[in-house]
Structures are given as C-alpha cells and as structure tokens.
Amino acid sequence: MRKSVIAGNWKMHMNCAETKSYLCDFLPLIKDIPNDRKIVIAPPFTAISTFSSFSNSDYLHIASQNIHWEKQGAFTAEISPRMLIEHNVKYAIVGHSEPRKYFSESDEQINRRAVFAQSSGLTPIVCVGETLEQRERGEADRVITRQVEQGLENTDPSNLIVAYEPIWAIGTGKTCEASDANKICALIRKLIGFNDVIIQYGGSVKPNNIDEIMSMSDIDGVLVGGASLDPISFSRIANYK
Ligand code: 13P
C-alpha cells in the first residue's frame, strides 16, 4: 500500500517570523492526520532552522527546495545535503519547472542532484511536466518520457517521489483534469517499472479539487504551491477525504 505524500512548496515566500506564526496555526490543524499520509513542507533555506525548531517531526517533515551534487566546494548559492540534514530535512525538491525555466536546469543536472540526494539519505521529489505548447502539439507523453528517462537514471525508485506538474497548470488556476493527470502519472509509473513509487500531481491544487485528485488510482499525493501558504487551506488539503 503506497502512503500518500502531501507536500507544500513555499517557493520564495515566508521569513522566519512568518514561518513561526504559520506553524502555530497549522500544527493543531494537522495533529490528527490519518496514518495513511505524510505531510511535508519545503520552506526557503533561511527559514528551515526556525521551521525545524518550531515544528513536530512526528507528523510534519521538511523538504529543501534544491540540493547540490557535491558535499561542499566552490558552488556559490548552492546547498549540500549535509547542511540540510543537520536541520532535520528529509526530502529535496529537484527539477522544478521554475529553475528549469529561469536557470536553464538540464535533465542531466537534475539527475545528478537526485542521485546525490539519495546517496546522502534524502528522498528527492523530482518534478516533471510539459509546457502548454508541448501539450497542444501532442508531445506531452514524449516530453515526460524524456524527463523521466534522463532525470531518473540510476536512481532508486524505492526512495523517490516524482511530481507531475504540467507547467501550464502552475499558479494559473487551471488544474489539469484529474483523469488526464492520472494517465500521465500511470505512464510515469510504467516508465519507472516499480509499482510502489510515489507519484504526485502539482498545479493549482486547492481545497476544492483535492478530494477528486486524490481519488485517482495513480496519484499518490500532491505538490502544492500557492494554497500551501495559507495554513487553513493547506490543512484542508492535508485532511483530504
Ligand atoms: P501552484 O499550486 O501555485 O499552482 O504551484 C504548484 C507548484 O509549482 C508546486 O511546486
């Protein structure tokens, strides 16, 4: 039985004071969360230490928003697993469409990040997804196949989360039809060839669509941007039916 993973990606939001105030509101709302799911939040790096000291790691886990493939060295603005593990970080988002788009992250770099995260004891959350133009040209399956094959090479599927995030659905309020998202998630599972791999959907997940999304057979969780910034709406998502 796959445990679902409900993750919030705070992106470039929340300072330490806001993080503390969020957790005061959020923790009581998720303390009775059913045992069939895990809740994860990826705060910005500067808030991770505050998050870790005010949170409860029994039912709320921490992710980083990036991770480098070297232990240490001359890599300005990057972060290594050992710097994160010290703060109780358990997951690392890699390959999000924003660094792919703004910083030209390649599948090869994403792969190196994912492999090193795993060998350092972290679980990578590897994001894949097509643009609107690619979808309209009927290329979604081909793009996802390439991202999965190159981005996940030599990774261990038993310590992996893949997030299917169609780029056109991120921050736009346009959710992918749950049944369409489910088809792509099934394709990803087939490509990986490991039935127990955790596959999330991301892109305009909100309290009003979470129950339908989570009812899909191949969707094992969600990666939430905007709606994770509000403790009430993210707690409703975490408490999906
Ligand atoms: P939204 O939920 O704001 O569409 O963002 C999705 C996302 O990019 C999560 O990583």
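Placed above this text is the structure.
My aim in this report is to walk through the structure given alongside it, one point at a time.

**So, the pairing of strand β5 (residues 123-128)**
Within β5, 6 of the 6 residues are buried, which leaves the element mostly enclosed by the surrounding structure. The alternating pattern of β5 places Thr 123, Ile 125 and Cys 127 and Pro 124, Val 126 and Val 128 on opposite faces, both of which are buried. In this structure, strand β4 (residues 89-94) lies alongside β5, joined through 4 bridges in parallel fashion. Note on β5: the bridge partner recorded for Val 94 is Val 126. Sheet analysis places β5 next to strand β6 (residues 161-164), joined by 4 bridges and oriented parallel. Paired with Val 126 across the bridge in β6 is Val 162.

**Comments concerning the site of the ligand**
The ligand sits among 13 residues. The nearest are Lys 11, His 96, Gly 171, Ser 204 and Gly 226. One of the side-chain nitrogen or oxygen atoms of Glu 165 is found 3.1 Å away from an oxygen atom of the ligand. Interatomic distance of 2.8 Å between a backbone N/O atom of Ser 204 and an oxygen atom of the ligand. About the coverage of the ligand: the protein hides 97% of its 310 Å² of free accessible area. Among the residues making up the shell around the ligand, the classes are represented as 4 nonpolar, 7 polar and 2 charged.

**So, helix α1 (residues 16-30)**
Along its 15 residues, α1 runs 21 Å from first to last C-alpha, staying within 8% of the 21 Å computed at 1.5 Å per residue. If you look at α1, its biggest bend is around 30°, right at Leu 23. For α1, the full list of buried residues reads Thr 19, Tyr 22, Leu 23, Phe 26, Leu 27 and Ile 30. Capping of α1 at its N-terminal end is provided by Asn 15; its side-chain oxygen lies 3.2 Å from the backbone amide nitrogen of Ala 17.

**Notes on the state of the cysteines**
If you walk through the whole model with that rule in mind, you get 0 disulfides. Between Cys 16, a cysteine without a disulfide, and Cys 24, which holds the nearest cysteine sulfur, the sulfur-to-sulfur distance is 14 Å. Look at Cys 16 and you get partly exposed, because its relative accessible area is 33%. For the unlinked cysteine Cys 185, the closest cysteine sulfur is that of Cys 176, found at 8.5 Å.

**A few points about the sheet that holds β4**
The strand order around the closed barrel built from 8 strands is β1-β2-β3-β4-β5-β6-β7-β8, with neighbouring strands paired in parallel fashion. Looking at each pair of strands side by side, their axes are set apart by 25° on average, direction ignored. Here α1 sits on the sheet and contacts β2 (37-42) and β3 (60-64); the angle it forms with β3, its principal contact strand, is near 130°. Against the sheet, helix α5 (residues 107-119) touches β4 and β5, its axis set at about 160° to β5.

**Regarding the packing of aromatic side chains**
Under the defined criterion, the tally for this structure stands at 5 aromatic pairs. With 5.7 Å between their ring centres and 65° between their planes, Trp 10 and Phe 51 make a pair best called edge-to-face. Here Phe 51 lies in helix α2 (residues 45-54) and Trp 10 lies in the loop between β1 (4-9) and α1, a separation of 41 residues in the sequence. You'll find Trp 10 and Phe 51 in the same group, each marked buried. Three or more aromatic residues joined by ring pairs form one cluster here, namely Trp 10, Tyr 22, Phe 26, Phe 51 and Phe 234. Stacked on the ring of Tyr 240, the Lys or Arg Arg 37 has its end atom at 3.7 Å from the ring centre.

**A look at the pattern of salt bridges**
Within this structure, the stated rule accounts for 15 salt bridges. A salt bridge links Arg 135 to Asp 180; the shortest N-O distance between them is 3.9 Å. Here Arg 135 is found in helix α6 (residues 132-136), whereas its partner Asp 180 is found in helix α8 (residues 178-192), with 45 residues between them in sequence. Residue Arg 135 is classed as partly exposed on the basis of its relative accessible area of 23%. Residue Asp 180 is classed as partly exposed on the basis of its relative accessible area of 27%. Salt-bridge contacts for Arg 189 lead to Asp 218; the nearest nitrogen and oxygen are separated by 2.6 Å. Taken together, the residues Arg 189 in helix α8 and Asp 218 in the loop between α9 (210-214) and β8 (221-224) connect sequence positions 29 residues apart. Judged by its relative accessible area of 6%, Arg 189 falls in the buried class. Here the salt bridges do not stand alone but share partners, grouping Arg 2, Arg 189, Asp 218 and Asp 220 into one network.

Rules used throughout
- Residues numbered from 1 in each chain as written.
- Predicted model: local features only at pLDDT ≥ 70, side-chain atom pairs only at ≥ 80, totals over all residues.
- Heavy atoms only, no water.
- Buried < 20%, exposed > 50% of the residue type's maximum accessible area, 1.4 Å probe, protein only.
- Helix = DSSP H or I, 4+ residues; strand = E, 2+ residues; numbered from the N terminus.
- Pairing = 2+ DSSP bridges.
- Near = heavy atom within 4 Å.
- Polar contact = N/O pair within 3.5 Å; in protein donor to acceptor, adjacent residues only side chain to side chain.
- Areas by Shrake-Rupley, 256 points an atom, 1.4 Å probe, with all protein chains shown as cover.
- Nonpolar A, V, L, I, M, F, W, Y, C, P; charged D, E, K, R; others polar.
- Expected span 1.5 Å × (residues − 1).
- Bend = angle between axes of the 7 residues up to and from the residue.
- Disulfide = S-S within 2.5 Å.
- Axes fitted to C-alpha atoms, helices over the stretch in contact; angles between N-to-C directions.
- Contact = heavy atoms within 4.5 Å.
- Phe/Tyr/Trp six-rings, centres within 6.5 Å; stacked < 30°, edge-to-face > 60°.
- Lys NZ or Arg CZ within 6 Å of the ring centre and 35° of its normal.
- Salt bridge = Lys/Arg side-chain N within 4 Å of Asp/Glu carboxyl O.

Just distances and angles here, no functional claims.
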